[in-house]
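Descriptive analysis of the structure
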Amino acid sequence: MSEIKDQYSMLEQSVKDYFQEHPQESFLVKELSQIFQADDSTSFKSLVKILAALEEANFLVLNKYGRFGLKNNKGKLQGIFRANERGFGFVTVDPSQPDIFIPKGSTATAMEGDLVVIKITKKANSYSDRGEEAQVVEIIERKTTQIVGIFTRYSSKDINERADYGTVALTDNKLAQYECVIEAGGLFPVDGTVVIVEITSYPDLGGKPVMKGVITKEIGYKDEVGMDILTILYQLGIPTEFPEAVLEEAKRTPDTISAQDLEGRQDFRKDLTITIDGADAKDLDDAISLTKRPDETYLLGVHIADVSHYVQENSAMDQEAFERGTSVYVTDRVVPMLPQRLSNGICSLHPNEDRLTMTCQMEIDQSGTVYSYHLFPSVIESDYRMTYTDVNAIYDGDKALRDKYHEIVPMLEDMKDLHHILERRRKERGAIDFDTHEAKIIVDDKGHPIDIQVRERGVSERLIESFMLSANETVAKHHDNLHVPFIYRIHEQPNEDKMQRFLEFITAFGISIKGSSDSISPKKLQKALEQIKGEAYEAVVSTMMLRSMKQAKYDIEPSGHFGLASRDYTHFTSPIRRYPDLIVHRMMRYYFKHGKNLSQEQINGLEARLQEIADQSSKMERKAVTAERETDALKKAEFMQDKIGQSFEAVISSVTKFGIFVELPNTVEGLIHISHMNSDYYNFVESHLLLIGERTGRTFRIGDKVKVKLVKVDSDSRQIDFILEEDSQLETARQQVFNDKKMNQNSNSSKTARAKSGKKQSGQISKEKNKGKKNGPSSKNGKKNKKAKRSFTIRQK
């Protein structure tokens, strides 16, 4: 009996110690049972009993999601701060829980990524759907060490008096409230130079919003071509130049394939193989071969550039690729993950050139099931470099193109048929198709936007996507079944609160989804999108659904992909531009050579390294997305600058308490501030995301079509302001009334002035004629004139 009691006490102490070591995390009972290996019935009951007792003793707290966490009686928590350019922010304390809102004025001097201590000021209110609010009370660790801005030097007199060189106007809108003073010790460029500043002192908590630093790099002059995009890249810490050691290593990479390179590879050079990419693509990393058999099954070959053959582990190129994580595509340029000698050269699957590849060969039946597959190193020679545009035209019946590419037209038709089979299978299992609009911004040779085109995805784009998805799933499933360390692409179940808000939101469109928000299936969300197919608000609802979900990321645990309704998924198909794909190839080569029999020490070492790669790759992917979004917003604002005063058709894309966001057909988005909605006084109904007029009852909700007029564009802040066309007309009418009234007043004033002038002249003449006569007729006339003047004045009033 005493032995059981001792075991219970030891488990209780272990639980306490664990929670104190992980004060910011929370856990499900199931997770804790695995951590403490409480698998049998007796130990599991003991664990549950201990958790209940610790909660009752206020040591632990059980949240509404059924997760246990350490109770903080002081109301203070630690977390990562994320800034917003409007002055407020959010703090992530527990990744599994909603972020905590930090109002403007309560952020102290916290910057993006800082580790901070916060104090809860408002508890969550489930009735109003509002989360917790807090204020930053301490900054534990600074993450922002470098900033970007435009330098302005002080005068010689000021430099002598202050011992500072000048100031830097920060280009990051999230840092707009701070002043940056430049100290001695760094570079001293000319006025107007875009520079990188290394921070030497941060603003004091509660003090003046001033930071100091030294200039470590001159990027270029602010008005140089392309400097706007370059500034954004540097601001986000995205490197734009390769170190010399990387370039030297790239130079040593061979231009051709040797006989030794072919050892152990399956030869596909005689097979009909093609690539299909965008017309301007230079890094061609996937090729397709396809055979339709007499029994109506398909043999699909997905051949991917074998980058891992050239980029060796721990080499200079490998370390740089790890740091970059991904290639970054921004408007008119690409910041590649690998030097161009590889990305556009020996690794790119150019036509009529021997290239080393990793092949996923799949046998697929008419139901879309991959019933057999093979993975192996290979060599190919692509026969045709096709573009999406030409393949779509072939499918549309373009005779000239069908004649030109007659050799591959039958295979292209088979590819289309197989795509539809795979697409139908994905749909049957519940994969969600987020068919959102993407913009392609066309710029001139000076980087100025001259057009914005909406990208249309045709059959060719979709079929390549289908084949890549199948290959990614097959590779992931293979390694999951091997139970070996690997890297996966995961997309977790949506956050319960966010999904609940989305489910409430779509009821406004007459859509009802049965089931609870914490266990919603992708198939049900897919059916919701089908219900609104073709509606004006389709893209908006699709976007709102996407926002309600978690971000996909990389991880070493194969926890599945919610959006694709896939149990196993990875990224295998783009190793030229994504580091995780390169690592997937490297791990495949490792298991081809060594098999799956690993020691526990090897497993632990591989898992630790792969998790580090997964975390870094996820972080750099988010930076790349931010860079793309920021540069698109900048160029869209520039594009709209000369269109102020013009009217446009638009769709409401978001509704807030301070106004409505609208989107034009070319994807340009802007704000109509509520202070400019003059036709009524509007109240915000948060639960349904709509504005409703008090007097008219008119509503504005997401998906509504409106006509708007452009009134303001600020390229520096990327802000575009519209007003409703009806409010513009109302304002014009009011202005006309005001002008008419003013004209009438001016006219009446002129009449009064003329009357005064006539009376004065008449009186003067009378005085001259009747000089010296006090009681003559002119005296009576004078009294009458005074009465007339009084009467006229009263009417005017």
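Keep in mind it's a predicted model, so treat the numbers as computed, not measured. (Residues numbered from 1 in each chain as written. Predicted model: local features only at pLDDT ≥ 70, side-chain atom pairs only at ≥ 80, totals over all residues. Heavy atoms only, no water.)

Here's the deal with the overall build of the protein chain
Within the protein chain, the regular secondary structure consists of 19 helices and 34 strands. Expressed as a percentage of its 797 residues, the buried residues of the protein chain come to 44%. With the model as given, the accessible surface of the protein chain reaches about 42,000 Å², and the carbon-plus-sulfur share is 48%. (Helix = DSSP H or I, 4+ residues; strand = E, 2+ residues; numbered from the N terminus. Buried < 20%, exposed > 50% of the residue type's maximum accessible area, 1.4 Å probe, protein only. Areas by Shrake-Rupley, 256 points an atom, 1.4 Å probe, with all protein chains shown as cover.)

A look at the packing of aromatic side chains
Taken as a whole and assessed by the stated rule, the structure comprises 16 aromatic pairs. Seen from their ring centres, Tyr165 and Phe188 are 4.3 Å apart, and the 20° between their planes marks the pair as stacked. Placement of Tyr165 in strand β10 (residues 164–170) and of Phe188 in the loop between β11 (179–183) and β12 (193–201) is noted, with a sequence separation of 23 residues between them. The class of Phe188 is partly exposed, set by a relative accessible area of 34%. Taking 6.2 Å as the distance between ring centres and 85° as the angle between the ring planes, the aromatic pair formed by Phe658 and Phe661 counts as edge-to-face. Among the residues examined, Phe658 registers a relative accessible area of 26% and is labelled partly exposed. In this structure an aromatic cluster arises from ring pairing among Tyr18, Phe19, Phe27 and Phe36. (Phe/Tyr/Trp six-rings, centres within 6.5 Å; stacked < 30°, edge-to-face > 60°.)

Some remarks on the packing of helix α9 (residues 388–395) against helix α11 (residues 409–429)
Direction vectors running N to C along α9 and α11 enclose 85°, while the axes themselves pass 11 Å from each other. The angle between the axes of α9 and α11 places the two elements in the roughly perpendicular class. Of the residues in α11, those in contact with Val391, Ile394 and Tyr395 of α9 are Val409, Leu412, Glu413, Met415 and Lys416. (Axes fitted to C-alpha atoms, helices over the stretch in contact; angles between N-to-C directions. Parallel < 35°, antiparallel > 145°, perpendicular 65-115°, else oblique. Contact = heavy atoms within 4.5 Å.)

Observations regarding the environment of Ile674
Position of Ile674 relative to the elements: it lies in the loop between β29 (669–673) and β30 (682–685). With 14 residues separating them in the primary sequence, Ile674 and Ile660 have C-alpha atoms 7.4 Å apart. Setting aside residues up to four positions removed in sequence, Ile674 forms contacts with Lys657, Phe658, Gly659, Tyr682 and Leu691.

Thoughts on the packing of helix α6 (residues 244–251) against helix α7 (residues 316–324)
Where α6 contacts α7, the two axes come as close as 8 Å, and the packing angle between them is 125°. Viewed along their axes, α6 and α7 adopt a mutual orientation that is oblique. Our pair here, α6 against α7, has a crossing hand that is left-handed. Contacts between α6 and α7 involve Ala245, Val246, Glu249 and Ala250 from the former and Ala316, Met317 and Glu320 from the latter. Considered class by class, the residues forming the contact of α6 with α7 number five nonpolar, no polar and two charged. (Left-handed = near helix turned anticlockwise from the far one by under 90°. Nonpolar A, V, L, I, M, F, W, Y, C, P; charged D, E, K, R; others polar.)

Regarding the UniProt feature "coiled-coil region" (unreviewed entry) in the protein chain
Cross-referencing UniProt, the feature "coiled-coil region" (unreviewed entry) maps to residues 596–630 in the present numbering. Helix makes up 89% of residues 596–630 and strand 0%, and the two end C-alpha atoms of the span are 44 Å apart. (UniProt positions renumbered as here; feature names shortened; annotations may be inferred.)

Observations regarding α7
Of the positions making up α7, those classed as buried are Met317, Asp318, Glu320, Ala321, Phe322 and Arg324. Where the residues of α7 are buried, they touch α6, β19 (333–335), α8 (340–346), α16 (579–594) and α17 (600–640). Phi turns positive, to about 80°, at Gly325, one or two residues after α7.

So, the environment of Leu51
Examined against the element boundaries, Leu51 turns out to sit in helix α3 (residues 41–56). Classification of Leu51 as buried rests on a relative accessible area of 1%. Between the C-alpha atom of Leu51 and that of Phe68, which follows or precedes it by 17 residues, the distance is 8.0 Å. Among all residues touching Leu51, those that are not within four sequence positions of it are Val15, Phe19, Val29, Leu32, Leu60 and Phe68.

A short note on the pairing of strand β4 (residues 76–83)
In terms of strand pairing, β4 meets strand β7 (residues 115–122) through five bridges, oriented antiparallel. When the bridges of β7 are listed, Ile80 appears paired with Leu115. For β4 and strand β5 (residues 89–92), the ladder comprises four bridges, and the chain directions are antiparallel. The partner of Phe81 across the bridge, within β5, is Val91. Two successive antiparallel strands, β4 and β5, enclose a turn made up of five residues, where Gly87 displays a positive phi of approximately 105°. (Pairing = 2+ DSSP bridges.)

Some thoughts on the sheet that holds strand β32 (residues 699–701)
Pairing is antiparallel in the open sheet, where three strands are placed in the order β30-β31-β32. Here the strands that pair on one side only, and so sit at the sheet edges, are β30 and β32. Neighbour-to-neighbour, the strand axes of the sheet open up by a mean angle of 20°, direction not taken into account.

Observations regarding the pattern of salt bridges
By the definition in use, this model includes 35 salt bridges. Taking the shortest distance from any N to any O, the salt bridge between Arg402 and Glu413 comes out at 3.2 Å. Within this pair, whereas Arg402 is found in helix α10 (residues 399–404), its partner Glu413 is found in helix α11, the two being separated by eleven residues in sequence. Owing to a relative accessible area of 22%, Glu413 belongs among the partly exposed residues under this scheme. (Salt bridge = Lys/Arg side-chain N within 4 Å of Asp/Glu carboxyl O.)

A short note on unusual backbone geometry
Non-glycine residue Gln37 carries a positive phi angle of around 50°. Its location among the elements puts Gln37 in the loop between α2 (29–35) and α3. Among the residues examined, Gln37 registers a relative accessible area of 63% and is labelled exposed. One non-glycine residue, Glu296, adopts positive backbone phi at about 70°. Position of Glu296 among the secondary structure elements: in the loop between β16 (286–292) and β17 (298–305).

Regarding the sheet that holds strand β2 (residues 60–62)
The strand order β1-β3-β2 describes an open sheet built from three strands, whose pairing is antiparallel. Here the strands that pair on one side only, and so sit at the sheet edges, are β1 (26–27) and β2. Note: β2 against strand β3 (residues 68–70), three bridges, orientation antiparallel. When the bridges of β3 are listed, Leu62 appears paired with Phe68. α3 contacts β2 and β3 of the sheet and is inclined by roughly 100° relative to β2.

Some thoughts on the nonpolar core
Proteins that are soluble and globular tend to have nonpolar side chains buried together. Core analysis: the largest hydrophobic core is formed by 80 residues, its most contacted members being Ile276, Leu300, Val302, Leu412, Met415, Phe467 and Phe572. What Phe572 contacts, discounting residues up to four positions off in sequence, is Ile304, Met358, Cys360, Ala471, Asn472, Val475, Asp581, Val584, His585 and Met588. Ile441, Val540, Ala637 and Ala650 belong to the second largest nonpolar core, which has 50 residues in total. (Core = buried A, V, L, I, M, F, W, Y, C linked by side-chain atoms within 4.5 Å.)

Description of the side chain of Thr357
With respect to the helices and strands, the residue Thr357 is situated in strand β20 (residues 354–364). Here the side chain of Thr357 touches Ser378 through a polar contact of 2.5 Å, side chain to side chain. The contact partners of Thr357, leaving out residues within four places of it in the chain, are Arg265, His303, Ile304, Ala305, Asp306, Leu349, Phe376, Pro377, Ser378, Val379 and Ile380. (Polar contact = N/O pair within 3.5 Å; in protein donor to acceptor, adjacent residues only side chain to side chain.)

Remarks on α6
Within the sequence span of α6, burial applies to Val246, Glu249 and Ala250. All buried residues of α6 lie within an arc of 100° about the axis, which places them on one face of the element. Every exposed residue of α6 that faces more than 90 degrees away from the buried side is listed here: Glu244 and Lys251. Summarising the contacts, the buried residues of α6 are in contact with α7 and α8. (Arc of directions from axis to C-beta.)

Some details on the confidence of the model for the protein chain
Residue-level pLDDT values for the protein chain average 86, and 88% of them are 70 or greater. Taken as a whole, residues 764–797 scores under 50 in pLDDT and shows seven contacts with residues more than four places along the chain or in a different chain. (pLDDT = per-residue confidence, 0-100.)

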